[in-house]
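Inside the fold
Each chain, letter by letter, is given below.
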Amino acid sequence: MKIMETFFNKYLNAVKHTETILYTGYVTAVKGLMIESKGPRSMVGEICNIKISKTNKTVLAEVMGLEGSTVKLMAYSATEGIEVGCEVVASGKVLQVPVGRGLLGRVIDATGTPCDGKGNLDTSEFYPALAQAPDPMTRLPIDRRIVTGVRCIDSLLACGKGQRLGIFAGSGVGKSTLLSMIARNTNADVNVIGLIGERGREVMDFINRDLGVEGMKRSVVVVATSDTTSINRLRAAYTTTAIAEYFRDQGMDVMLMMDNLTRFAHAQREIALSTGEAPAQRGYPPSVFDMIPKLLERSGTNDKGSITAFYNVLVDGDDLDEPITDKVRGTLDGHIMLSRALAQSKHYPAIDVLKSISRLSRRVCGKETLKAVTKVSRMIAVYEENKEMILAGVYQVGANPEIDEAISKHQAIEEFLMQEEEEHCTLEDTLHKLAVLADLEVPDDEIVESPQSKRKSVAEQVQSRKKAEVADANTVAANTDLSLISKSLSK
């Protein structure tokens, strides 16, 4: 019986999703990226089909704006062949993404269509590409460490399952390489990777060279290369997030990686300007800054599982205060800054530890680990503060014990922070090496997923301290009363 149900499922789904009443219109103008039509009756975000009679082809498009009876559409593919009078048919649906375990090992585009030549997807469920973020009151706390396999991150910038971080750098500093290292070495259940606006060459490089056969078995890759239309690049980010949400809803710990978020913002800028929206900050219209937090807030935890997210951000002109960088940095739970100077000196990964931060590292690290992180970070900072004096030979050894220690440990710290692209580092090995650098010992019970599980929260610690203070005050008062009573009796 179950076999029969499975066999007929795809046919039943096809019948369920068939529209019996169609709303139609016709193309009235094509203006650059924008297609205008008279009708059909539709809503913003609805998917429409534009029929090209001469070639018997259909172009998928999305409603981006409405003005009276004029519908403004953006095509998912090239607009060649579209002319005034082409029929436009409304689907009555927004963009839906096929989801299921059948996606693992597959490469799809922004609309969920497979583009790896492996045939149709073995999925029966759909998730909306555009969705709301989880209810903040039902999100699970982030108190479990995730392993990235990158020594610098797992030690000095520890991340929790459900945390969202940005990797910020200009072009050619190593963002994509760092992301590929995380994809290969993470202990997450599933990888969902969005390649947004990337070079066509990099797609197969990432799949074959960076992920490999084993990595691909537990990964889903969504692709929208730089030569695709703006709506493709925009919606690919939403499709990537929707797929991650599906796996999170199955109770899994998902690793979401997006390369890169800046090109998502560029795509929305192109669309917004085409629809007539006025530019604001450095040519970016207000809708860009509205969409960024709505996309980023969808990752993280919900009441079932977690999405740990790493977003690559291309910093225009290496200006860390440019609008997109500033907006993303203020929205995420941490930022990893890559340094061009470190990259030029062949220090890879080129992570600038002092300018990077993981806002939740204290929640997922044990007490002794935090001491070791503080000590090593302090040695890095002391060396950087006095670097000019040290290199110029002005500083005299013995003048300051803290500087002396920073100098003596500098080479060992540099070797610890540098890591070959193909090198995999376990959490145990990383924390033991960190402990040696700090001259401390990290106990085995801190080399676990939740070393802080038995530790009280800050609120609980404050409450306990208040109770202790009240108890001490009561004891002092009681002793004072007894002393007064005994004095009065003795008289």
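Now for a quick tour of the structure. What you see is a predicted model; the values in this text were computed from it and never measured. (Residues numbered from 1 in each chain as written. Predicted model: local features only at pLDDT ≥ 70, side-chain atom pairs only at ≥ 80, totals over all residues. Heavy atoms only, no water.)

1. Quick look at the overall build of the protein chain
Threshold: Secondary structure elements follow DSSP: runs of H or I no shorter than four residues count as helices, runs of E no shorter than two count as strands, and numbering proceeds from the N terminus. For each residue, the accessible area found with a 1.4 Å probe, counting protein chains only, is set against the maximum for its type, and the residue is called buried under 20%, exposed over 50%, and partly exposed in between. The positive count covers Lys and Arg only, the negative count covers Asp and Glu only, and His and the chain ends enter neither. By convention, charge coordinates are those of NZ in Lys, CZ in Arg, CG in Asp, or CD in Glu.
Along the backbone of the protein chain there are 15 helices and 19 strands. Summarising its shape, the C-alpha atoms of the protein chain cover approximately 110 × 70 × 55 Å along the three principal directions. Counting over 491 residues, the protein chain shows a buried share of 49%. Of the side chains in the protein chain, 59 bear a positive and 65 a negative charge, and the two mean positions are spaced by 4 Å.

2. What about the layout of surface pockets?
Put simply, the rule is: Think of a 1 Å grid over the protein atoms and nothing else: a 1.4 Å probe that fits but is trapped marks a cavity, an open set flanked by protein within 12 Å on at least five of seven lines marks a pocket, and residues with an atom within 4 Å of a point count as lining. Grid points are joined across faces, edges and corners, and a volume is the space filled by probe spheres set on the points. Three classes are used, and their members are as follows: Ala, Val, Leu, Ile, Met, Phe, Trp, Tyr, Cys and Pro are nonpolar, Asp, Glu, Lys and Arg are charged, and the others, Gly among them, are polar.
In this model, the second largest pocket occupies a volume close to 430 Å³. Only α9 (340–344), α11 (367–385) and α13 (401–417) provide two or more residues apiece to the lining of the second largest pocket. A breakdown of the residues in the lining of the second largest pocket according to their chemical character gives 12 nonpolar, four polar and five charged.

3. Re the pairing of strand β3 (residues 46–52)
Consecutive residues of a regular strand have side chains that alternate between opposite faces of the sheet. Put simply, the rule is: In this description, strands pair whenever DSSP reports at least two bridges between them.
Counted residue by residue, β3 has five buried out of seven residues, so it is predominantly covered. Note: β3 against strand β6 (residues 87–94), five bridges, orientation antiparallel. Bridge pairing in β6 places Lys 51 opposite Glu 87. Here β3 runs beside strand β4 (residues 57–67); their pairing, made up of six bridges, is antiparallel. The residue bridging Asn 49 from the neighbouring strand is Leu 60, located in β4. Hairpin connection from β3 to β4: four residues lie between these consecutive antiparallel strands, with Asn 56 at a positive phi of about 60°.

4. Thoughts on helix α7 (residues 286–296)
Given 3.6 residues per helical turn, the α-helix brings residues three or four places apart onto the same face. To be explicit about the condition: Any two residues having at least one pair of non-hydrogen atoms within 4.5 Å are treated as being in contact.
Among the residues of α7, those classed as buried are Ser 287, Val 288, Phe 289, Met 291, Ile 292, Leu 295 and Leu 296. Contacts made by the buried residues of α7 are with β12 (164–169), α5 (230–249), β15 (253–259), α6 (261–274), β17 (306–314) and α8 (323–331).

5. Side note on the packing of α11 against α13
This is how the line gets drawn: In this description, a line fitted to the C-alpha atoms serves as the axis of each element, helices being fitted only across the stretch in contact, and the angle between N-to-C directions of two axes falls anywhere from 0 to 180 degrees. Each angle gets one of four labels, with under 35 degrees taken as roughly parallel, over 145 as roughly antiparallel, 65 to 115 as roughly perpendicular, and the rest as oblique.
As a packed pair, α11 and α13 sit with axes 8 Å apart at the nearest point and diverge in direction by 110°. Taken as axis vectors, α11 and α13 run roughly perpendicular relative to one another. Residues Lys 375, Val 376, Arg 378, Met 379, Ile 380, Val 382 and Tyr 383 of α11 form the contact with α13, whose own contacting residues are Glu 402, Ile 403, Glu 405, Ala 406, Ile 407, Lys 409, His 410, Ile 413 and Leu 417. Among the residues making up the contact of α11 with α13, the classes are represented as 10 nonpolar, one polar and five charged.

6. Considerations on the environment of Glu 245
Topologically, Glu 245 is positioned in helix α5. Spatially, the C-alpha atom of Glu 245 lies 26 Å from that of Asp 205, the residues being 40 residues apart in sequence. Contact partners of Glu 245, with chain neighbours within four places excluded, come to Tyr 127, Ala 131, Gln 132, Arg 298 and Ile 307.

7. A closer look at the sheet that holds β6
Within a sheet, each strand pairs with its neighbour through backbone hydrogen bonds, oriented either parallel or antiparallel. Pairing within the closed barrel is antiparallel, and its six strands lie in the order β1-β2-β5-β4-β3-β6. Neighbouring strand axes in the sheet, compared pairwise and without regard to direction, differ in orientation by 45° on average. With six bridges joining them, β4 and strand β5 (residues 70–75) adopt antiparallel strand pairing. Looking at the pairing, Glu 67 lines up with Thr 70 of β5. Together, β4 and β5 form the strand contacts of α5, whose direction differs from that of β4 by roughly 80°.

8. Thoughts on the packing of helix α3 (residues 175–185) against helix α4 (residues 200–217)
Where α3 contacts α4, the two axes come as close as 9 Å, and the packing angle between them is 55°. Classified by the angle between their axes, α3 and α4 sit oblique to one another. Contacts between α3 and α4 involve Ser 180, Ala 183 and Arg 184 from the first element and Phe 206, Asp 210 and Leu 211 from the second. In terms of residue class, the contact of α3 with α4 is built from three nonpolar, one polar and two charged.

9. Observations concerning the environment of Gly 160
Relative to the elements of secondary structure, Gly 160 occurs in strand β11 (residues 159–160). Through-space distance from the C-alpha of Gly 160 to that of Val 147 is 8.6 Å; in sequence the pair is 13 residues apart. For Gly 160, the residues in contact, after removing those within four places along its chain, are Ile 142, Arg 144, Arg 145, Ile 146, Thr 308 and Val 364.

10. What to know about unusual backbone geometry
Of note, the amide linkage connecting Gly 39 to Pro 40 takes the cis form, showing an omega dihedral of 0°. Tracing the chain through its elements places Pro 40 in the loop between β2 (34–38) and β3. Between Tyr 348 and Pro 349 the backbone carries a cis peptide bond, its omega angle lying at -10°. Mapping Pro 349 onto the fold places it in the loop between α9 and β19 (357–358). Positioned with a positive phi, Asn 56 is a non-glycine residue whose angle comes to about 60°.

11. Notes on the pattern of salt bridges
Using the following cut-off: Salt-bridge detection follows one rule: a side-chain nitrogen of Lys or Arg within 4 Å of a carboxyl oxygen of Asp or Glu.
One pass over the full model with this rule turns up 35 salt bridges. A salt bridge links Lys 54 to Glu 83; the shortest N-O distance between them is 3.6 Å. With Lys 54 in the loop between β3 and β4 and Glu 83 in the loop between β5 and β6, this residue pair connects regions lying 29 residues apart in the sequence. When its relative accessible area of 69% is taken as the criterion, Lys 54 is described as exposed. Between Arg 144 and Asp 253 there is a salt bridge, with the nearest N and O atoms lying 2.9 Å from each other. Pair noted here: Arg 144 is in the loop between β9 (125–128) and β10 (145–146) and Asp 253 is in strand β15, with a separation of 109 residues, a long-range link. Given a relative accessible area of 25%, Arg 144 falls into the partly exposed group. Judged by its relative accessible area of 10%, Asp 253 is buried. Each of Arg 139, Arg 164, Glu 297 and Asp 333 takes part in one network of salt bridges that share partners.

12. A word on the state of the cysteines
Between two cysteines, a covalent bond joining their sulfur atoms is known as a disulfide. Selection rule: The disulfide criterion used throughout: a pair of cysteine sulfur atoms within 2.5 Å.
Scanning all chains against the criterion turns up zero disulfides. The thiol of Cys 365 is unpaired, and the distance to the nearest cysteine sulfur, on Cys 159, comes to 9.3 Å.

13. A closer look at a negative patch on the surface
Basically, it comes down to this: Each patch is built from residues lacking any salt bridge and having more than 30% relative accessible area; the joining distance is 9 Å for like charges and 5 Å for nonpolar side chains (Val, Leu, Ile, Met, Phe, Trp, Tyr). For the area figures, the Shrake-Rupley method with a 1.4 Å probe applies, and any residue is considered shielded solely by the protein chains shown.
A surface patch of negative charge is lined by Glu 428, Glu 441, Asp 444 and Asp 445. Assessed through its relative accessible area of 46%, Glu 428 is described here as partly exposed.

14. Regarding the nonpolar core
One broad rule of soluble globular proteins: the nonpolar side chains tend to lie buried together. Quick reminder of the rule: Definition used in this section: a nonpolar core is a set of buried Ala, Val, Leu, Ile, Met, Phe, Trp, Tyr and Cys residues joined via side-chain atoms within 4.5 Å.
Judged by nonpolar contacts, the single largest core of 57 residues is most densely connected at Ile 243, Phe 247, Leu 261, Phe 264 and Val 328. The element best represented in this core is α5, accounting for 10 residues. The residues touching Leu 261, leaving out its near neighbours within four places in the chain, are Leu 295, Leu 296, Tyr 311, Asn 312, Val 313 and Val 328.

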